[in-house]
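An overview of the molecular structure
As a plain string of letters, each chain reads:
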Amino acid sequence: MNAIVEMKNLNKFYGSHHVLKNIDLSVERGEVVVVLGASGSGKSTLIRCVNGLEMYQNGSLLVDGYPMPVEEDRRLGGESELAAIRKGVGMVFQQFNLFPHKTVVENITIAPMRVRKKTRAEAEATALKLLDRVGLTEHAHKYPGQLSGGQQQRVAIARSLAMEPHLMLFDEPTSALDPEMIGEVLDVMRELARDGMTMMIVTHEMNFAREVADRIIYIDQGSILEVGKPDAFFDNPQNERARSFLARVLKH
Amino acid sequence: MIARSLKWTRHNLFGKPFDVLLSLTVIPGVLWMVYQAVSWALTAARWDIIPQSLRVLMIGVFPADQAWRAWIAIVIIAILLGAALGCVFAFKGRHAGALVPVWAGCAALAGIENVTNVLLIAVTIAAFAGGWAVASRFPPVRKALVPASFIGLIAIFAVMAPPGAGLWGGLLLSILLTLVTAVLSLPIGILLAFGRRSRFSGLRWICTGYIEVMRSVPLIMVVYWIWILIPVLTPQFNLADVVRGMIGFTLFYSAYVAEYVRSGLQAVPRGQTEAARSLGMSEFDINRSIVLPQAIRVVVPPLVGNVLDIFNMAPLVFIIGLTDFLRAGQMILANPQFGDRTYEVYSFLFLTYFLVGSLITFVARKLEAHLARGSR
Ligand SMILES: Nc1ncnc2c1ncn2[C@@H]1O[C@H](COP(=O)(O)OP(=O)(O)OP(=O)(O)O)[C@@H](O)[C@H]1O
Ligand SMILES: [Mg+2]
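Everything numeric here is computed off the predicted structure, so don't read it as measured data.

Focus on the site of ligand 1
Residues and elements named next belong to chain A. Contacts to ligand 1 come from Tyr14, His17, Val19, Ala38, Ser39, Gly40, Ser41, Gly42, Lys43, Ser44, Thr45 and Glu172. Interatomic distance of 2.6 Å between a side-chain N/O atom of serine 44 and an oxygen atom of ligand 1. Side-chain polar atom of glutamate 172 to an oxygen atom of ligand 1: 3.2 Å apart, as the coordinates give it. Alone, ligand 1 offers 630 Å² of accessible surface; in the complex the protein occludes 59% of this. Looking at the shell around ligand 1, the elements with two or more residues in it are β2 (17-28) and α1 (43-50). Per-class residue counts for the shell around ligand 1 are three nonpolar, seven polar and two charged.

Structural data, given as structure tokens:
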């Protein structure tokens, strides 16, 4: 097996609210998986479980070979795997979440220096390379507040890449952007996909999903209702709810 | 011009019947009081008492032949305060010019016939300007300010200790008490604030309890309790009253600092922690490098306000027998020879408190503007 993420019978509750129900899902290395679903269906919760930002109550989850502890174990202090997992899993958020008191370069270098113990010179060299890759070299010494939304999100991607992740999680990376800036962020993601990065993406950009995804996961009220190749999913969805979801989102 | 000011007057002072009434009573009243005060200050008041008792006002009963120790302390304080100002308020040539009249004023107060003092005042002001200029010209220096303050305060203690800490007094004591409390209560308050958010419930309860207790009782009570408790708890050390007073103030104000810092911590968005966690950073690194700097930024203005509060509360140390600035003034008046100079001495105390307070408020304003500009 070459899976980087393996969820088996995973369940997550917020109090009595059952948010993820018996999730079985595995993601292969190099695969691009797009998670679709209506608002509140549990997409964010699903991918946030993968790097432990949300805790799950039962089932099992293997990330990059490490078992993610369940909530009970984490509360008892069993978090050593967590650090190992997070080193290898990057995440990009809807609200960018750049550190406002640090410059672009500092944002990118802090984790490699603190976590991977790189020297400043090494970390900065990598940062500049990554900034070149996302087309922001000239903004290296600005503060996040001085950049547009699209630029901030590209910095956030570079910040994650600086940790040399094996897997990248994207939670609606373009939803907070003005329409004219969406393209520049999607371009960077497209390129990542082409370079073979493993990605789990939550997005509402249907054309982009169809184009980059190897597999589409459709989730509704916490259950995976349909899994399929993009063409099959978009042209001929099997599930009734998936059909009506697509009818709704593709109308716009 | 006249038309405009007439219009302003009509609009603001005589707009409504009630305003008319208020203006007609308040304005003459205030003018009369100002006239009385000024004419007293210029004709009746005998100000010679101020230069005569200036040493007592500044350093209390600290022995005159040891005054050089106090001067070293004053110069160190001047450097530190100047450097603190330089962090937020750029030093310019015209500021150097403005310091000359300040020097002249202080020198006139101290008595120009005493050449040594006039020179020492010049050194103090130069030290202040030096600290200010260096901190504003060379930003990397600012990072060293907190450790430098610690070292500076330790040096002051070392220099001032030999004649006996029981002799510290006057304005110097008030300022030292304020500085020590401000510098020490910051790290303690930060630790308490984090403790209050800890996931270990034992620690959380202890910190919450400490903060709530301190905030529910009067400062004077805490200071007195600490003063009587320390000799019982640590009989072998025989700590001086001054040190015990400083401990009391620090323990009390740490609780307030903790509450300010906590409100700052709450203002940092969750996404900041989540992003740092997703990068694999440890909770310690996240708190130290991501959360705390953003939290402190938000609460710097109330923290500076806290310093003003400490300074204004310093006179309460009379309860443990210390002679701060206010008490030094009363001591002078207790001398029968000066018994009729109450108004002169208290005017001087009032003005000095007012000047120091305004200075701290001014720095707080500048800080606020500085931070608003930086965050964007
Ligand atoms: N902290 C929380 N406490 C309680 N319930 C929560 C919490 N966060 C999310 N939920 C609930 O969990 C469910 C799934 O939420 P989630 O954020 O994963 O949905 P989503 O599919 O990402 O939606 P969206 O498209 O709006 O982002 C929702 O019903 C939501 O109300
Ligand atoms: Mg979501």
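Notes on the side chain of threonine 250 of chain B
Residue placement: threonine 250 of chain B occurs in helix α13 (residues 241-267). In this view, threonine 250 of chain B contacts Val180, Thr181, Leu184, Ser185 and Ile188 of chain B; residues no more than four positions away in its chain are not counted.

Observations regarding the domain arrangement of chain B
You'll often see interface size given as the accessible area lost when the parts meet. As far as domains go, chain B holds domain 1 (2-44), domain 2 (65-162) and domain 3 (165-376). Each of domain 1 of chain B and domain 2 of chain B has a C-alpha centre, and these two points are 41 Å apart.

Thoughts on the environment of arginine 210 of chain A
Residues and elements named next belong to chain A. Mapped onto the elements, arginine 210 comes out in helix α8 (residues 206-212). Arginine 210 gets classed as partly exposed once you look at its relative accessible area, which sits at 33%. Counting along the chain gives 19 residues from arginine 210 to lysine 229, while the straight-line C-alpha distance between them is 8.8 Å. When near neighbours in sequence (up to four residues on either side) are disregarded, arginine 210 contacts Pro230, Asp231, Phe234 and Asp235. A polar atom in the side chain of arginine 210 sits 3.4 Å from the side chain of aspartate 231.

Structural notes on unusual backbone geometry
All names here are of chain A. A positive phi angle, close to 60°, is found at lysine 117, a residue other than glycine. With respect to the helices and strands, the residue lysine 117 is situated in the loop between α4 (104-114) and α5 (120-133). In this structure, glutamine 221 takes a positive phi of about 45° despite not being glycine. Within the secondary structure, glutamine 221 sits in the loop between β9 (215-220) and β10 (223-228).

Regarding the confidence of the model for chain B
With 98% of its residues at a pLDDT of 70 or more, chain B shows a mean pLDDT of 89. The weakest mean pLDDT in chain B belongs to helix α1 (residues 2-13) of chain B at 76; the strongest belongs to helix α14 (residues 270-278) of chain B at 96.

Looking at the packing of aromatic side chains
Residues and elements named next belong to chain B. Across all of its chains, the model carries 18 aromatic pairs over all chains by this definition. Here the aromatic rings of phenylalanine 249 and tyrosine 253 are separated by 6.1 Å at their centres, their planes lie at 35°, and the arrangement is tilted. Taken together, the residues span about one helical turn, with phenylalanine 249 and tyrosine 253 both in helix α13 at a distance of four residues. Residue class for tyrosine 253 comes out buried when judged on its relative accessible area of 2%. Residues phenylalanine 252 and tyrosine 256 carry aromatic rings whose centres are separated by 5.2 Å and whose planes lie at 40° to one another, so their mutual orientation is tilted. Separated by four residues within a single helix, phenylalanine 252 and tyrosine 256 lie in helix α13, roughly one turn from each other.

Side note on the layout of surface pockets
One number sums up the size of the second largest pocket: a volume of about 1,400 Å³. Around the second largest pocket, the lining is made up of 40 residues, and of these Glu79 of chain A together with Arg199, Thr273, Arg277 and Glu283 of chain B lie nearest the centre. At the level of elements, α2 (71-75) and α3 (80-88) of chain A together with α10 (170-196), α14 and α15 (283-313) of chain B are the ones that each hand at least two residues to the lining of the second largest pocket. With five residues, the top contributor of residues to the lining of the second largest pocket is α15 of chain B. Grouping the constituent residues of the lining of the second largest pocket by class yields 15 nonpolar, eight polar and 17 charged.

As for the interface of chain B and chain A
In this assembly, 20 residues from chain B lie in contact with 24 residues from chain A. Of the roughly 1,800 Å² buried between chain B and chain A, counting both surfaces, carbon and sulfur atoms make up 58%. When the buried surface of chain B facing chain A is broken down by residue, Glu274, Ser278 and Leu279 of chain B rank first, second and third, together holding 32% of it. Counting across the chain B and chain A interface gives two salt bridges. Here chain B and chain A share six residue pairs in polar contact (both at pLDDT 80 or more) between them. When residues of the side of chain B that touches chain A are traced back to their parent elements, those giving at least two are α14 and α15 of chain B. At eight residues, α14 of chain B tops the list of elements feeding residues into the side of chain B that touches chain A. A breakdown of the residues in the side of chain B that touches chain A according to their chemical character gives six nonpolar, six polar and eight charged.

Digging into empty space enclosed by the protein
In this approach, a probe sized like a water molecule rolls over the atoms, and the result shows the empty space that is left. Residue and element names in this part refer to chain A. The tally for this structure, following the rule as stated, stands at one cavity of 30 Å³ or more. Lining the largest cavity are Arg133, Leu161, Val188, Glu191 and Leu192. Of all the elements, helix α7 (residues 179-194) adds the most residues to the lining of the largest cavity, at three residues. Among the residues forming the lining of the largest cavity, the class breakdown is three nonpolar, no polar and two charged.

Thresholds applied
- Just so you know, the residues in each chain are numbered from 1, in the order the chain's sequence is written.
- Lettering of chains starts at A and numbering of ligands starts at 1, both following the order in which they are written.
- The predicted origin of the model limits local features to residues at a pLDDT of at least 70 and limits the giving and counting of side-chain atom pairs to 80 or more, whereas totals for whole chains, interfaces and linings rest on all residues.
- Heavy atoms from the whole structure form the basis of all side-chain values; hydrogens and water molecules are not counted.
- Proximity criterion: a residue is near a molecule or strand once any of its heavy atoms comes within 4 Å of it.
- Pairing of N or O atoms within 3.5 Å defines a polar contact, subject to two protein rules: one partner must be a possible hydrogen donor and the other a possible acceptor, and residues neighboring in sequence count only if both atoms are side-chain atoms.
- Reported accessibility uses the Shrake-Rupley method at a 1.4 Å probe radius. Residues are deemed covered only where the shown protein chains occlude them.
- In this description a helix means any DSSP run of H or I spanning at least four residues, a strand means any run of E spanning at least two, and both kinds are numbered starting from the N terminus.
- Classification convention: Asp, Glu, Lys, Arg as charged; Ala, Val, Leu, Ile, Met, Phe, Trp, Tyr, Cys, Pro as nonpolar; all other residues, Gly among them, as polar.
- Any two residues whose heavy atoms approach within 4.5 Å are treated as being in contact.
- Domain boundaries shown here were taken from an automatic or database domain assignment.
- The buried label goes to any residue with under 20% of its type's maximum accessible area, the exposed label to any with over 50%, and the partly exposed label to all in between, with areas taken from a 1.4 Å probe on protein chains only.
- The predictor rates its confidence in each residue with pLDDT, a number between 0 and 100.
- Under the pairing criterion, centres of Phe, Tyr and Trp rings, with the six-membered ring standing for Trp, must be within 6.5 Å; the plane angle then separates stacked pairs below 30 degrees from edge-to-face pairs above 60, leaving the rest tilted.
- Here a cavity denotes a set of grid points, spaced 1 Å apart and computed over the protein atoms alone, in which a 1.4 Å probe fits but from which it cannot get out, and a pocket denotes an open set meeting protein on both sides within 12 Å along at least five of seven lines; residues with an atom within 4 Å of a point are reported as lining.
- Grid points are joined across faces, edges and corners, and a volume is the space filled by probe spheres set on the points.
- Accessible area, probed at 1.4 Å, shrinks when two parts are joined; the buried area is that loss added up over both.
- Any Lys or Arg side-chain nitrogen located within 4 Å of an Asp or Glu carboxyl oxygen qualifies as a salt bridge.

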